[in-house]
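Observations on the three-dimensional arrangement
If you want the building blocks of each chain, they are given just below.
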Amino acid sequence: MKAFICLLFCLLLSGCASVQVSSIDSQEYLKQRRGDVISQGHLSEQNITVLTALGLSDCENNIDSCLKTVSNSKITGTDQKLSALAEMWLFKAMKTQKDAKIRMQNREFVAEENLVSQLVNDYLEAARYAYAYLFFSDRTISSRALEDRQTQVKDYYNFAVQNAIEQLYIAAKGKPIQFPIREKNWEISIAGLSAPELSQPDHITDIIPDTVLSFKGLKNQYSQDGLGARMVLSAKEGKEEKDQPWRLMPYSAITAMISFPGKNLSEITQTHEALITTYDASTTGSITIGKTRVPLSANFSGAYGLWLASSDFAVTSLTSIFGRGTIIDRPTVFLMRPYQKNLRTIILIHGLASSPEAWVNTANEIMGDKILRDHFQIWQVYYPTNVPLLINRYEIAEAINKTIDHFDPSRSNIASRDITLIGHSMGGILARLLVSSSGDVLLDALEKKYPAAGAKLSARSSKFSSIIKFEPLRGVSDAIFLAAPHRGTPYADASWAKYLASFVKLPLSIVNTVGEMALTIFGRELPREISMTGVDNLSAKDPTVKILEQLKISSNVKYFSIIGRENPEGPLEESSDGIVPYWSSHLDGAASETVVVSGHSVQETPQAILKIREILRSEIITKPTAR
């Protein structure tokens, strides 16, 4: 009987299922499937599988022991081993960094040099195993193209490269980094020709990883997935030459790569040499590693967003008009990326009391369009909008010409040909003047009332005569005018507008120029009927703007109008954008005229930006460049 009971008990035990099933929703499944050390701070399910198969557990608290076991394993598949080691080294580095931060917050002593050295080592180990997985394992990238694990390992590589370089910069404490660097048993070199920013870092003030950037005010943030750490470098402004009218944007986007010398998997996993290379991904979209062509990761909005966010354009452009704060007394041409001789140039000119911030989304959307990014570079003109239109036209033309001559004295580069001007509001008037010939219209009008004025100006200064007699800006083939008051606006004559205009003050240098011209022509101060400021020039009754509207646009320039109207109802001819009426913005002979339901800031509307992109794309087809 006892034997029977024992047998029955054994049978009952053998009938109990050792595996049970429970259901989970699809979101939890994806979380388990795709969660990893970067997204959740814990090792991934794929990694746990490798560790469990080796009889390992609680590896997050025994990471060094587990790393050794996995590294020495003879039965783990190559892909599994390399991906597991990459993630585990990354976990170790992130945990070390997190623990050190907590200790510092608790005011505990942390040996910073030792910490940095350890972090550099761990992040380089993670990058090396990820690099080996991607390019030197048994399977090719293309054979794993649809696997989640490959995407994760690519992210491990990018994140490890980003942090390794950050730690090197921290270790340098703002001083030039002397390569090669020796950290623990690593020797780190740099490809100097491809990475002048890092090999000569004495002018770098900060390295900002793409992962910490988020902007308000940019409608879209454009980037490209691929290999490499996306970073933005902040640099000191270079020493300006005398009367230099151009500046590079003080932020530049780079994509950093770290490679490990070796011809096979064994050499890669044993080497302790690391080579840093950086690229401008807007010009280098992909690179070759071994036999594999891979796209580079890139951020096309970060540098621009940081530039605008750190500038004081909004305040300066407004206060400068009233003679307060930082005074803008001459135009500056800002290059949004290092000069590219084989890309066509777009020049943006903002409106009254405005700045490059007026183009925040226009410029970003242009550079976010790959086709346009591959064919164009953007320059932005920042100028004092309180200065009379004719003086501003002269000064802006001089600034643009000096900028072009600096980079291309022979004017043989693609960048110096088929230039596109885009102007908003007052900037639209100036863009039109820049592609127009004055002929003798201005001179005749001046001499009609003040005989011999032209001769006096020519005798006194070639600059003075060039202000009233000029030819179209050389190299420009296209112009786009947005909400431009070519014939002025009656709103400038409103009592409130005149009241504000009474407080407008000219920069001292311009006061001197205007005063000198007045003495030359009239022998006394400027007569009241002649406009003193750029604000005065916007009046529909202003004598200067009435004469300027007579000037003819060059027959070699194709021009387009984009016009806003607040109210979609009623006759177009009677419409207005709230500031500029249609009859002032309209130009006969335009290649196209686009009317958008919008206020005066039409350049910020999706419809206007789409039209600009359409025009630019069409110009690529009609005027192709050799790339």
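Use the structure listed above.
A brief structural summary. Throughout, a residue's number is its position along its own chain's written sequence, starting from 1. Per-residue local features of the predicted model are confined to residues with pLDDT of at least 70, and side-chain atom pairs are confined, for both listing and counting, to 80 or more; whole-chain, interface and lining totals are unaffected and use all residues. Side-chain metrics in this entry use all non-hydrogen atoms of the structure; hydrogen atoms and water are not considered.

**Some points on empty space enclosed by the protein**
As defined here, a cavity is a set of points on a 1 Å grid over the protein atoms alone where a 1.4 Å probe fits but cannot get out. A pocket is an open set with protein on both sides within 12 Å along at least five of seven lines, and residues line them when an atom is within 4 Å of a point. Grid points are joined across faces, edges and corners, and a volume is the space filled by probe spheres set on the points. Scanning the model with the defined rule gives two cavities of 30 Å³ or more in all. The volume enclosed by the second largest cavity comes to roughly 30 Å³. Considering the residues around the second largest cavity, the lining is formed by S317, S320, I321, I328, S354, Y383, P384, T385 and N386.

**As for the sheet that holds strand β19 (residues 558–565)**
Two orientations exist for strands paired in a sheet by backbone hydrogen bonds: parallel and antiparallel. At least two DSSP bridges between two strands are required for those strands to pair. To qualify as a helix, a DSSP run of H or I must reach at least 4 residues; to qualify as a strand, a run of E must reach at least 2; elements of each kind are numbered from the N terminus. Read across the sheet, eight strands follow the order β6-β12-β14-β13-β15-β17-β19-β20 without closing on themselves; strand pairing throughout is mixed. Strands with a single pairing partner mark the edges of an open sheet, and in this sheet they are β6 (246–248) and β20 (592–597). Each adjacent strand pair in this sheet contributes to an overall mean axis angle of 20°, direction not counted. Relative to strand β14 (residues 376–382), strand β12 (residues 332–335) runs antiparallel, the two being bridged by four bridges. Angular values range over 0 to 180 degrees, each being the angle between N-to-C directions of two axes fitted as lines to C-alpha atoms, with helices fitted over their stretch in contact.

**Looking at the state of the cysteines**
We call a pair of cysteine sulfur atoms a disulfide when they lie within 2.5 Å. Applying the stated criterion across every chain, the model contains one disulfide. Paired by a disulfide, C59 and C66 hold their sulfur atoms 2.0 Å apart. Between C59 and C66, the S-S dihedral sits near -85°, and the bridge is therefore left-handed. C66 shares its class with C59; the two are buried. Only protein chains enter the accessibility calculation, which uses a 1.4 Å probe; a residue whose area is less than 20% of its type maximum is buried, one above 50% is exposed, and one in between is partly exposed.

**Considering the side chain of S117**
Looking at the element boundaries, S117 is found in helix α6 (residues 112–136). Owing to a relative accessible area of 14%, S117 belongs among the buried residues under this scheme. By definition in these notes, contact holds between two residues if any of their heavy atoms fall within 4.5 Å. The contact partners of S117, leaving out residues within four places of it in the chain, are E183 and K184.

**Focus on unusual backbone geometry**
The phi dihedral of D58 is positive, around 55°, even though this residue is not glycine. With respect to the element layout, D58 can be found in the loop between α3 (45–53) and α4 (63–72). With relative accessibility at 48%, the residue D58 sits in the partly exposed group. The backbone of A353 shows a phi angle near 55°, a positive value even though the residue is not glycine. One can find A353 in the loop between β13 (344–349) and α12 (360–368). For A353, a relative accessible area of 28% puts it in the partly exposed group.

**Observations concerning the packing of aromatic side chains**
Any two rings among Phe, Tyr and Trp, with Trp reduced to its six-membered ring, count as a pair given centres within 6.5 Å; such a pair is stacked if its planes are under 30 degrees apart, edge-to-face if over 60, and tilted if neither. Taken as a whole, this structure holds 14 aromatic pairs when the rule is applied. With 6.0 Å between their ring centres and 40° between their planes, Y131 and F136 make a pair best called tilted. Measuring from ring centre to ring centre gives 5.1 Å for W307 and F334, while their planes differ by 50°; the resulting arrangement is tilted. Of the two residues, W307 sits in helix α10 (residues 302–310) while F334 sits in strand β12, which places them 27 residues apart along the sequence. Residue classification places W307 among the buried residues on the basis of a relative accessible area of 4%. An aromatic cluster is built from Y131, F135, F136, Y157, W186 and F260, whose rings are joined through pairwise contacts. The criterion for a charge sitting over a ring is simple: Lys NZ or Arg CZ within 6 Å of the ring centre, and within 35 degrees of the ring normal. For the cation-ring pair, R393 lies above F470, with the distance from its terminal atom to the ring centre recorded as 3.9 Å.

**A few points about the sheet that holds strand β2 (residues 186–190)**
With mixed pairing, six strands are arranged side by side in an open sheet as β1-β2-β8-β7-β5-β3. Only two strands of the sheet have a single neighbouring strand rather than two, namely β1 (181–183) and β3 (204–209). Between one strand axis and the next, the sheet turns by 30° as a mean value, whatever way the strands run. Pairing geometry for β1 and β2, over three bridges, is antiparallel. In the strand pairing of β2, E183 is matched with W186.

**Looking at the packing of α3 against helix α5 (residues 78–105)**
Packing of α3 against α5 brings their axes to within 10 Å, and their N-to-C directions diverge by 110°. Between α3 and α5, the angle is such that the two are roughly perpendicular. As for how α3 packs across α5, the hand of that crossing is left-handed. Residues N47, V50 and L51 of α3 touch α5, and the partners they reach there are Q80, A84, E87 and M88. Three classes are used, and their members are as follows: Ala, Val, Leu, Ile, Met, Phe, Trp, Tyr, Cys and Pro are nonpolar, Asp, Glu, Lys and Arg are charged, and the others, Gly among them, are polar. Class assignment for the residues of the contact of α3 with α5 results in four nonpolar, two polar and one charged. Geometric relationships in this document are graded by angle, where less than 35 degrees denotes roughly parallel, more than 145 denotes roughly antiparallel, 65 to 115 denotes roughly perpendicular, and other angles denote oblique. Crossings are sorted by hand: turned counterclockwise from the far helix by less than a right angle, the near helix makes the crossing left-handed, and turned clockwise it makes it right-handed.

**What to know about the packing of α5 against α6**
At a closest axis distance of 8 Å, the pairing of α5 and α6 adopts a crossing angle of 160°. Looking at the two axes, α5 sits roughly antiparallel to α6. In this structure, the crossing between α5 and α6 has a hand that is left-handed. Of the residues belonging to the contact of α5 with α6, the class tally is 16 nonpolar, five polar and four charged.

**As for the pairing of β14**
Here is the key point about a regular strand: its side chains alternate between the two faces of the sheet. A large share of β14 lies buried, amounting to seven of its seven residues. Along β14, one buried face is formed by F376, I378, Q380 and Y382 and the opposite face, lined by Q377, W379 and V381, is buried too. By the bridge criterion, six bridges tie β13 to β14 in an arrangement that is parallel. Directly across from L348, in β14, lies its bridge partner Q380.

**Observations concerning the pattern of salt bridges**
When their charged atoms lie close together, side chains carrying opposite charge are able to pair. Salt bridge, as used here, is a side-chain nitrogen of Lys or Arg placed within 4 Å of a carboxyl oxygen of Asp or Glu. A complete count under the given rule lists 19 salt bridges for this structure. Taking the shortest distance from any N to any O, the salt bridge between R128 and E125 comes out at 2.5 Å. Taken together, the residues span about one helical turn, with R128 and E125 both in helix α6 at a distance of three residues. When the shortest N-O distance is used, the salt bridge between R182 and E187 registers 2.9 Å. Overall, E187 belongs to the partly exposed group, its relative accessible area being 29%. When salt bridges with common partners are traced through the structure, they connect D79, R139, R144 and E147 into a single cluster.

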